[in-house]
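For reference, the chains in residue letters:
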Amino acid sequence: MSTSSSSLYELTAHPVIQAPMAGGVSRPALAAAVSEAGGLGFLAAGYKTPEAMYEEIRQLRRLTERPFGVNLFMPQPRTTDPSAVVVYREQLAGEATWYETELGDTDGMTDDAYEAKLAILYDDPVPVVSFHFGCPARRVLERLAELGTRTLVTATSVAEAQAVQTAGAHAVCLQGIEAGGHQGTHRDDPQSDRGSGGIGLLSLITQVREAVQLPLVAAGGLMRGEQIAAVLAAGAVAAQLGTAFLATEESGAHPLHKQALTNPLFTRTELTRAFSGRPARGLVNRFLREHGPYAPAAYPQLHYLTAGLRTAAAKAGDPQAMALWAGQGHRLARELPAGQLVEVLAAELAEARAALREVPS
């Protein structure tokens, strides 16, 4: 890895990365606003066709000349028990009737058009590419590096971070259990549902810092500049924030989703398989409570199965059957323009750092 391509923080004025949030949230307007303000904006290619990903990259380039990133989902193994999906489909029949919609087809692709998207990024390189749900092969990371693209891979444990380092990525994104949306574990192990479910961000940074030499990006529950100061002090080079940008004007999140972040009706978050078949942190609503305990480990089959339900619930103005992804810090969300949020976070970070310098030793 060349020195010139080894760090992400060289690309930005502030150590603030906008998390790639799939499902239409991380649209070009959001990524551009973050990058223009001195952070690193990200597009989410997950669930999109290669053509749609390319079009969003074109749109983003028209909006900013600053660096940005594109996130890819890794292909998933076909290990799902079909009978478990059939049983869950039957369980959701009443939901489909209530919302007057059809349940989705679960026989779709499990690779998210990974190779086709890579081909586009090889042909027309972008500044940064990140990966979720696994670690790419060394040849992929080397090819991107040769093209001048910096690479970032999500990890949720020391072992996963070590695998990222071995594969040759430029940096690892450490995702704490506090994070909203899907946990980026490299392997979906249903046995982990019965345990603690993951490691808190500060503990994870400390453990990984002693085990790998890669630059660390911290993600999970971060909503304020003071928290960014904390993860930087712990050893990260930058912070990745998702839920904080979910509520911004430029976010493509549904208005009901944005409102739910600070709505007193939604008091807590949980990890659930209810909507997609993979553990993801969201606000606890009726659908999560009723179906979460019975949802099988079947990603992305359940994502496609429930897609129509989620869309129909949103159209009906009912957040109780929407996937309200959110991190543990959701009540701290601020409805600001994304560029202004970056500036506020940077100011809070500077103030926190100054306060730490004034603390007597």
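Structure: see above.
Caption draft 1: Seen up close, the packing of helix α5 (residues 114-123) against helix α6 (residues 138-146). The interhelical angle for the contact between α5 and α6, taken along N-to-C directions, is 20°, at an axis separation of 10 Å. Taken together, the axes of α5 and α6 are roughly parallel relative to one another. As α5 packs across α6, the resulting crossing turns out to be left-handed. Along its contact with α5, which presents Y114, E115, L118 and Y122, the element α6 presents R139, V140, R143 and L144. Of the residues that constitute the contact of α5 with α6, the class distribution is 5 nonpolar, no polar and 3 charged.

Caption draft 2: Layout of the pattern of salt bridges. Tallied over the full model, the rule gives 14 salt bridges. Residues K117 and D112 are paired through a salt bridge, measuring 2.9 Å at the closest nitrogen-oxygen approach. For K117, a relative accessible area of 1% gives the class buried. A salt bridge links R268 to E270; its shortest N-O distance comes to 2.5 Å. Residue E270 is classed as partly exposed on the basis of its relative accessible area of 29%. Put simply, E55, R58 and R62 are held in one network by salt bridges that share partners.

Caption draft 3: A look at the pairing of strand β3 (residues 68-73). β3 sits mainly inside the fold: 6 of its 6 residues count as buried. Across 5 bridges, the pairing between β3 and strand β4 (residues 128-132) is parallel. In the strand pairing of β4, N71 is matched with S130.

Caption draft 4: Structural view of empty space enclosed by the protein. Summed over all chains, the structure comprises 3 cavities of 30 Å³ or more. Estimated volume of the largest cavity: approximately 60 Å³. Forming the walls of the largest cavity are Y47, F73, M74, Q76, M109, T110, D111, D112, F133, Y299, P300 and Y304.

Caption draft 5: Helix α13 (residues 301-315), seen in detail. Between its terminal C-alpha atoms α13 stretches 23 Å, which fits the 21 Å expected from 15 residues at 1.5 Å a residue. Where α13 bends most, the angle comes to about 40°, and this point is A307. Within α13 the residues assigned to the buried category are Q301, L302, H303, L305, T306, L309, R310, A312, A313 and A314. In this fold, the buried residues of α13 make contact with α3 (82-91), α4 (93-98), α11 (255-260) and α12 (286-291). After α13 finishes, the residue G317 shows a positive phi value of roughly 75°.

Caption draft 6: How the structure looks around the sheet that holds strand β7 (residues 181-182). Pairing is antiparallel in the open sheet, where 3 strands are placed in the order β7-β11-β10. Every interior strand has two partners, whereas the edge strands, β7 and β10 (269-272), have only one.

Caption draft 7: Structural detail: the sheet that holds strand β5 (residues 150-155). Spatial ordering of the open sheet is given by β1-β9-β8-β6-β5-β4-β3-β2, a layout of 8 strands whose pairing is parallel. In the strand order of this sheet, the two ends are held by β1 (16-18) and β2 (41-44), each with one partner. The sheet shows a mean angle of 25° between the axes of neighbouring strands, direction not considered. Together, β4 and β5 form the strand contacts of α6, whose direction differs from that of β4 by roughly 165°.

Parameters at a glance
- Residues numbered from 1 in each chain as written.
- Predicted model: local features only at pLDDT ≥ 70, side-chain atom pairs only at ≥ 80, totals over all residues.
- Heavy atoms only, no water.
- Axes fitted to C-alpha atoms, helices over the stretch in contact; angles between N-to-C directions.
- Helix = DSSP H or I, 4+ residues; strand = E, 2+ residues; numbered from the N terminus.
- Parallel < 35°, antiparallel > 145°, perpendicular 65-115°, else oblique.
- Left-handed = near helix turned anticlockwise from the far one by under 90°.
- Contact = heavy atoms within 4.5 Å.
- Nonpolar A, V, L, I, M, F, W, Y, C, P; charged D, E, K, R; others polar.
- Salt bridge = Lys/Arg side-chain N within 4 Å of Asp/Glu carboxyl O.
- Buried < 20%, exposed > 50% of the residue type's maximum accessible area, 1.4 Å probe, protein only.
- Pairing = 2+ DSSP bridges.
- 1 Å grid on protein atoms, 1.4 Å probe; cavity = no way out; pocket = protein on both sides within 12 Å on 5 of 7 lines; lining within 4 Å.
- Points joined across faces, edges and corners; volume = space filled by probe spheres on them.
- Expected span 1.5 Å × (residues − 1).
- Bend = angle between axes of the 7 residues up to and from the residue.

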